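An overview of the molecular structure
These are the residues of each chain, in order.
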Amino acid sequence: MSAQRWQHWRGTLVRVGVSDAPRAFHLLDELEDWAGSEERSLITQLSEAADPDRALLGLVRLREVLSVKEREEVSALLADPQSGRRDRLIRLLGASSALADHLVLHHDQWRDVAAATIRSREELVAALAGEVGDETGPQAYDALRVAYRRQLVQIATVDLMNDAVEVFPQVSGALADLAGAALEAALGIAQREVEGSEQCRLTIIGMGKCGGHELNYISDVDVIFVAEPADGADEDEALAIGARVATAAMHACTDPTTEGSLWQVDAALRPEGKNGPLVRTVASHRAYYERWAKTWEFQALLKARPVAGDVELGATYLDCVRPMVWEASKREKFVEDVQAMRRRVEDNVPPDEAPRQLKLGHGGLRDIEFSVQLLQLVHGRTDESIRDRGTLAAIESLSRGGYIGRVDAHELDGAYRVLRVLEHRIQMSRMRRTHLMPTSSAELRRLGRAMGHRSAPADAVVTQWREQAREVRRLHERLFYRPLLSAVARLSDDDARMSLESAQDRLQALGFRDPRGAIRHIEALTTGVSRRASIQRTLMPVMLQWFAHEADPDLGLLAFRRISDALGSTHWYLKMLRDEGSAAETLAKVLASSRYVGEMLERTPSAVSLFGSTKNLEPLSREQILTAMQAAVDRQSDDDDEAVLAVRSNRRTELIRIAIADLAGVLVLEQVEDAIVDLTSATLQAILDIAIRHVEREHGRALQTRIAIIGMGRLGGGEMGYASDADVLFVHDPLDDADIEVAKTQAGQVVSYLRTRLSGSGPGPAIEVDAGLRPEGKAGPIARTLDSYAAYYARWSEGWEAQALLRATPVAGDPDLGAAFIELINPLRWPADGISEAALRQIRTLKARMEAERIPRGGDVRSHFKLGRGGLSDVEWTVQLCQLQHAGETAELRRTGTISTLQVMTEHDLLTSEEALQLRESWCLASRLRNASVLWRGRPVDALPSSLTDSDAIARILGWPAASGYELHEHYLRVARKARAVTEMRFYGTDLSEMRDSHPSTR
Amino acid sequence: MDRQQEFVLRTIEERDIRFVRLWFTDVLGMLKSVAVAPAELEEAFAEGIGFDGSSIEGLARVFEADMLVLPDASTFQVLPWRDETPGTARMFADIRLPDGSASLADPRYVLQRALAKAADKGLTFYTHPEIEFYLFESKLRPDGQPVPVDNAGFFDHVPRGTGHDFRRAAISLLESMGISVEFSHHEGGPGQNEIDLRYADALSTADNIMTFRAVVKEVALAQGYFASFMPKPLQGQPGSGMHTHVSLFEGDRNAFHAAGSPYQLSETGRQFIAGILRHAAEITAVTNQWVNSYKRLWGGAEAPAHVCWGHNNRSAMVRVPMYKPTKGQSTRVEIRSLDSSANPYLAYAVLLAAGMKGIDEGYQLPPEAEDDVWSLTDRERRAMGIDPLPASLDHAIHLMEGSDLVAETLGEHVFEFFLRNKKAEWAAYRDQVTHFELDQYLYRL
């Protein structure tokens, strides 16, 4: 080798894609005459190989084992530019190290590569049978393997010499035929090996990709064996022999010999799976499918195709089972089964592989195949024209029948081919069964070149794959949902239309309970020439998909129709749906999972604008809300009742905002509570202002007293839910020179106005203003003066009475007065020396009595959120008792919230952190359940629902997967039970551990 | 399974079966039965048979919907004692919700769940119960006391032979139902018998125990006696226990066996025992579920009232039996607290859960008890770290109430129901004015 030559070729080698140029240069030297008189010729051919280094090495290895004469023949082949065959060897050797190894071992097969062609099934069967001959045992196994690979290298060569995407159907079909021919040969071997095999007629049915005539280079070959006794043979004996033959045939394919093995033969799709007998008669298959088979088994049968053995028997079998496939969709559990199967397909990816998976996961090969089969099952019952076995053929038929749009079908076809070719190239490289994109840059580069990319092949192939993945990402929308529109509206002139009946079948299979109604709504939303109809036509498929994923698709669709009817062609609405990306999705999800929001939106469609931006989903502060409310009040300066309506409308909009954000998962429990508390106190303030204005107007003079509203209970604690009442105390303080009686009257009127206007019907849900915690309860005056409160509280002697005051916080009205009231009660609720034994007993007794009396009749003591075992009130009383006892000495305990106080209690060793955790968990879960129940049902709910549907829907709102209603129940009961144990110990002072027996005789 | 169902339908046809009883067990371990005609069976396999769960103890409806019973074809048996044509057959059934999911209130499911949890760790739970019971004359004495059929003792060959005939009849019936019987002999009390069922996985064993009780009662009736599984029917005589030998298998390997270690007991086996002991008190309400159970438990002699283990120590709650050198697979642990009236599904579920907890958490096994625990004083026992089991149902309920292990094993629904039911039983018992009280107090006070 001269340095000059090296310099001369170095650049060329690199340009044709060689990675290790010095090594390639050496190898070229070894090739001698093969390298061509003009070395250039071979080197430029190298650029055709996926991996030129590998190709070169392969040539060298091949050359070593060839005879002189053969070397000359190859040399001539490589040099002949006319034959069109010269780069066949190079492409094959460069694409697959496994096939290169095979060629070196069986070097005569280079001629087969050179003359590669795709053969028909019959030719393949004859070729394999010819090579195996009459052999049995190991010789036969070896011959079968060699013969099989002789054909395999040819198929691979044809694949590599053409546009792979274009020839994919022929290549995958040939692979399936080759597998069939191998099974045929294996069956022949088995029949020679098993004594008495002539007594049993046996057919091998190809299933899966083999049956679908679209096999991979290497994967399990799914089969079912069908047997019948030959004329005059005893059935039991024949079946026993059949089983032996089938087993032997499987061994002939799978057993590793010095020539390796073909592939695994998997007979698990047979009736009863692995537990069932390996062979069955046609009648036995029929009996099984008629009686026991599950929906997925019919889906598998869709692919069944006789591939080897007795031809007549195969035809009989098909005639028997094919019709049953199409009856599957009439089965009772079909819809549920299909939905569960779909969930499994989508969820079934190991997380660490998800980003590299070609086969599993959303938009993967399995998903495409499954979706196509599903459509075939749903519609194939009434339409024979779509009963194809192969995926590509089925896509075309479905498109022709109008079950998928034409453009979608075309793109899907393309995407499927590209994904499959990627899979083929990855498998071919080492003949390994894999469906994962490689990760190393060398492998990616090789794959990219194998896919035909020459510049930056590694990046290009990743880009290509991503593009196809994007193409199929909206697969379900395009396959399942978009065609539904064609049933009610003409989409484009090219497309065939789906019939109304088919559309109903489809909707039901997708989870709509009232397909007729759904069709009506879809029709109303999408027909016409208006801009709205045209936008909604585009949007409807994906909206339907979003609805179908939630608890109540029908509810969502109906609400969407109502809102769309109300908003008509409002321009921002259409723009939002069309342009804002996630807006339409959130809208669909909210409408199909929440009656609460749906009902409010139907009354204020304009609030739909909240969906427009995620910024809109941040709850407003009390000041922001109040400013807006006061502006609305000022605009109604003459009409107090109108002003009230304006405030309540405003509140409704804010409630919708909070609920949407909650459902969208933007807010945690604490934020929801804060938002509702802010909204409630702003509303109280705004209405109080109107009430004062109203009373002043009535009296024709200014108010003679100052008024403050003190929040109690959950309002004061800052922990309100959607359905919480506003617990309050009203306090007023007559001005210095006021007439006390007038002041009292005025205060009473203000409070009464405020309460009636908030609790009556009006825009949005009412607020129940509950002043039941006031002195003397319902018998006492509704508003008292500060002095009167002071006098009343002074009569308390035992210390337990102040419990209700623990959460008191001023929420509206005169801030100074509010502060003065708090000043008044602080020493009562946080007594310096704690509370007495007697007071402790009183509180415990009170709570025990409440537990006995307050659970509503017929209610379950466990499932009631507030009063149930381990529920909200158990947690709150435990916290409050601790505050009464210790807030005097521990200033940090002087707070009104439940959860934040729990934290302080652990810091001061008043509770172990384990106990605090259990209380917090139960309290938060009950609060979240209560909120979620309101969102789902649209009205207050006190306890775990007794219907599984409700429970499931509520679980979804809490972020649990579909169909977890029962687990949610069980989970809440467990959490609450543990919280109750803490309450038993900390509140009631019960200690279980001190109650052990000892032996009676020595006690 | 589906072939099994086919087999069932065929057998029914061939043997002219007119009724099939679907058996299931309520939370208290009582056998319940729904009879279906063969024509309905096919549907029962596919869809289940609907029934109103609220009428069954412990199945009270969690959700407002009917329940389904779904027959388990692998348990199909023709009932041999109704020796008549047309015949009757039975299958055990699972209880399902209308959507096909398992009912959390079904004791069989409680055990299946516990077994599945162990199976996740690759372990299978095998059990082998020795079931004791009494045979009484069908007529009670005028004072209400039962009359034992004989007065023999342990292993005696009884000349009159009532028990012998009886055992032979019962065993042949059991065998004809596919339940293998290992051993049978006369037990310590008059009229008391013991029959051992062969080793099987815990679910089969539990099914077999339910069948066993039904068979024994049937045979006794046919011979003019009655059989009782009451834990302590006769004061001053031994109670009826259900000592159960248990072991865990990892595939074909006995996970309790380790050659060369003390008693050939592996670390796993030691941890399992430690789990049973540590949680013994809180699971007692399940393994010994009646007021009467505690009269057996605290009856002295071989009844195990103390939480300890020993080798061939018949006063210990857990015994590691003599190891047979030739049978590595036979390493096992005998739990002696169980009584014959337990709900076998729940009892095996809590025992397994306690043992698995010991394995999961790597509990240390306390030292072996070598003495007769009953002969020790209270103080000696305390010094040795041997705690007593609860002495009454009341106490057992209290301990169970605080047990996460039991709640999680039984599921919240069964847990709650069980506690409520047992509290009611205790309250009813406490309301009684007993013979003891009348004898002791009526005249004296």
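- Under an unreviewed UniProt entry, the name given to chain B is Glutamine synthetase, and the source organism is Leekyejoonella antrihumi.
- UniProt, in the comment section headed Sequence similarities (unreviewed entry), describes chain B in these words: "Belongs to the glutamine synthetase family."

- Per an unreviewed UniProt entry, the recorded name for chain A is Bifunctional glutamine synthetase adenylyltransferase/adenylyl-removing enzyme, and the organism is Leekyejoonella antrihumi.
- Under the UniProt heading Cofactor (unreviewed entry), the note attached to chain A is "Mg(2+)".
- According to the UniProt record, the Sequence similarities (unreviewed entry) comment for chain A is "Belongs to the GlnE family."

1. Structural notes on the domain arrangement of chain B
Residues and elements named next belong to chain B.
- As assigned here, chain B comprises domain 1 (2-99) and domain 2 (113-436).
- Contacts between the two partners involve 13 residues from domain 1, matched on the other side by 20 residues from domain 2.
- Split into classes, the residues belonging to the side of domain 1 that touches domain 2 amount to eight nonpolar, five polar and no charged.

2. Brief notes about unusual backbone geometry
- The backbone of Glu 272 of chain A shows a phi angle near 70°, a positive value even though the residue is not glycine.
- Relative to the helices and strands, Glu 272 of chain A is located in the loop between β3 (265-266) and β4 (279-280).
- Backbone geometry at Gln 264 of chain B places phi at a positive 60°, although glycine is not the residue there.
- Judged by C-beta crowding, with 20 C-beta atoms within 10 Å, Gln 264 of chain B ranks as buried.

3. Thoughts on the nonpolar core
Residues and elements named next belong to chain A.
- Formed by 291 residues in total, the largest nonpolar core has its most connected members in Leu 144, Ala 182 and Ala 186.
- Broken down by element, the residue count for this core peaks at 17 residues, all from helix α11 (residues 164-193).
- A domain split of this core shows at least three residues from each of domain 1 (332-484) and domain 2 (830-993).
- Residues within four places of Leu 144 in sequence aside, it is in contact with Leu 128, Val 132, Ala 182, Ala 185, Ala 186, Ile 189 and Ala 252.

4. Some thoughts on the domain arrangement of chain A
- Split into domains, chain A comes out as domain 1 (332-484) and domain 2 (830-993).
- Inter-centroid distance (C-alpha atoms) of domain 1 of chain A to domain 2 of chain A is 50 Å.

Rules used throughout
Residues numbered from 1 in each chain as written. Chains lettered and ligands numbered in written order. Predicted model: local features only at pLDDT ≥ 70, side-chain atom pairs only at ≥ 80, totals over all residues. UniProt positions renumbered as here; feature names shortened; annotations may be inferred. Domains from an automatic or database assignment. Contact = placed C-beta atoms within 7 Å. Nonpolar A, V, L, I, M, F, W, Y, C, P; charged D, E, K, R; others polar. Helix = DSSP H or I, 4+ residues; strand = E, 2+ residues; numbered from the N terminus. Buried ≥ 20, exposed ≤ 12 C-beta atoms within 10 Å, placed from the backbone. Core = buried A, V, L, I, M, F, W, Y, C linked by C-beta atoms within 7 Å.

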